[in-house]
Amino acid sequence: MNSSGDNGEDLLIRARSVLLDALEALHEHKDAVIVIGAQAVYLRTGGIDVALAEATKDSDVAVDPRLLGDDPLLEDAMRVAGFVPSATGQPGAWISLDGIPVDLMVPESFAGAGTRGARIPPHDRRATRRARGLEATLVDHSVLEVPALAPDDSRITKVKVAGPAALLVAKLHKLAERIGTPHRLLDKDAHDAYRILRAIDTDDLAAGFDRLLADNVSEEATIEAIEHLTLVFASGPEAIGSLMAGRAEEGLGDPELVSMSASILAADLLEAVGPQG
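Criteria and cut-off values
- Residues numbered from 1 in each chain as written.
- Predicted model: local features only at pLDDT ≥ 70, side-chain atom pairs only at ≥ 80, totals over all residues.
- Heavy atoms only, no water.
- Axes fitted to C-alpha atoms, helices over the stretch in contact; angles between N-to-C directions.
- Helix = DSSP H or I, 4+ residues; strand = E, 2+ residues; numbered from the N terminus.
- Parallel < 35°, antiparallel > 145°, perpendicular 65-115°, else oblique.
- Contact = heavy atoms within 4.5 Å.
- Nonpolar A, V, L, I, M, F, W, Y, C, P; charged D, E, K, R; others polar.
- Left-handed = near helix turned anticlockwise from the far one by under 90°.
- Core = buried A, V, L, I, M, F, W, Y, C linked by side-chain atoms within 4.5 Å.
- Buried < 20%, exposed > 50% of the residue type's maximum accessible area, 1.4 Å probe, protein only.
- Pairing = 2+ DSSP bridges.
- Polar contact = N/O pair within 3.5 Å; in protein donor to acceptor, adjacent residues only side chain to side chain.

Observations regarding the packing of helix H5 (residues 187-199) against helix H8 (residues 240-247)
Then, number 1: Here H5 crosses H8 at 95°, and the two axes come no closer than 7 Å. With respect to each other, H5 and H8 are oriented roughly perpendicular. Within the contact between the two elements, H5 uses Asp-187, Ala-190, His-191 and Tyr-194 and H8 uses Gly-241, Met-244, Ala-245 and Arg-247.
Then, number 2: Residues belonging to the contact of H5 with H8 are distributed by class as follows: 4 nonpolar, 2 polar and 2 charged.

As structure tokens, then:
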């Protein structure tokens, strides 16, 4: 497995190298694999002028069971590449040899029975984790070149990467799910949503939402995400998501301006998408 350096190096550089390791491990299933999470957000919004630098310690990969083959088994492919299950015992949580996490996740609607691990036989039920809101990533994605960031790593991998609308839907579900458990809420997740709202033209983002609403696979999750967007961001700068996005820039930027901007951009998106139901 490729490692880009010691623990003092930038986590994003190390996480990107480990993401490429995981994608290589899953190459036989490349049609079923979609990069999601913060790394996908950065790939879609790179270069945006915000005070908070790009940074993540892990990688998230969605798996589409409809396109997933039986061989190799996901757990075997990850283990052969040097990944081991996380000590947390969380299904779908894998750790590289140098301690960088990679999460394999399946959209809830395609995860079968259960509450944590996805049931996608013959793959082990602990190889992947179910997550609500990822349905949108199965509809909104495109192939991008994903390069390594370490100067001594020349790898570039072509892989499906979730589109901006799908990433926003997923982030909104994640934030809404964790509102009831404040210790799991991360300001950075709200800032990632703000990053998407800032970087992507509102009309383009609304067009992405329209496509998601028109597809049976993603319609329900997207309608729920629109409800979350109203509550978490668009209801004002004091809404929990708006506050969190601003708080992420404490000591770096202008938190009040970020909170206000997040709320306004969310409201603009809601107006562009229009009422549902």
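Observations regarding the packing of helix H2 (residues 37-45) against H5
Then, number 1: As a packed pair, H2 and H5 sit with axes 10 Å apart at the nearest point and diverge in direction by 25°. On the basis of their axis angle, the class for H2 and H5 is roughly parallel. In this structure, the crossing between H2 and H5 has a hand that is left-handed. Residues Ala-38, Val-41, Tyr-42 and Thr-45 of H2 form the contact with H5, whose own contacting residues are Lys-188, Asp-192, Arg-195, Ile-196 and Ala-199.
Then, number 2: Partitioning the contact of H2 with H5 into residue classes produces 5 nonpolar, 1 polar and 3 charged.

Here we look at the nonpolar core
Then, number 1: Within the largest apolar cluster, 82 residues are counted, with the highest numbers of intra-cluster contacts made by Met-78, Leu-168, Leu-205, Phe-209, Phe-233 and Leu-269.
Then, number 2: Aside from chain neighbours lying at most four places away, what touches Met-78 is Ala-22, Ala-25, Leu-26, Phe-83, Trp-94, Val-102 and Leu-104.

Comments concerning the pairing of strand S2 (residues 59-63)
Then, number 1: Where burial is concerned, most of S2 is hidden: 5 out of the 5 residues are buried.
Then, number 2: Burial along S2 is two-sided: Ser-59, Val-61 and Val-63 facing one way and Asp-60 and Ala-62 facing the other are all buried.
Then, number 3: Bridge count between strand S1 (residues 33-36) and S2: 4 bridges; the pairing is antiparallel. Looking at the pairing, Val-33 lines up with Val-63 of S2.

A short note on the environment of Thr-157
Then, number 1: Relative to the assigned elements, Thr-157 resides in strand S8 (residues 156-162).
Then, number 2: Excluding its chain neighbours within four sequence positions, the residues that come into contact with Thr-157 are Leu-20, Leu-23, Leu-144, Glu-145 and Val-146.

Some words on the side chain of Arg-130
Then, number 1: With respect to the helices and strands, the residue Arg-130 is situated in strand S6 (residues 129-131).
Then, number 2: A distance of 3.5 Å separates the side chain of Arg-130 from the backbone oxygen of Gly-114, its partner in a polar contact.
Then, number 3: A polar contact is formed between the side chain of Arg-130 and the backbone oxygen of Gly-117, at a distance of 3.0 Å.
Then, number 4: Once residues within four sequence positions are removed from consideration, Arg-130 is found in contact with Val-106, Glu-108, Ala-111, Gly-112, Ala-113, Gly-114, Thr-115, Arg-116, Gly-117, Ala-118 and Arg-119.

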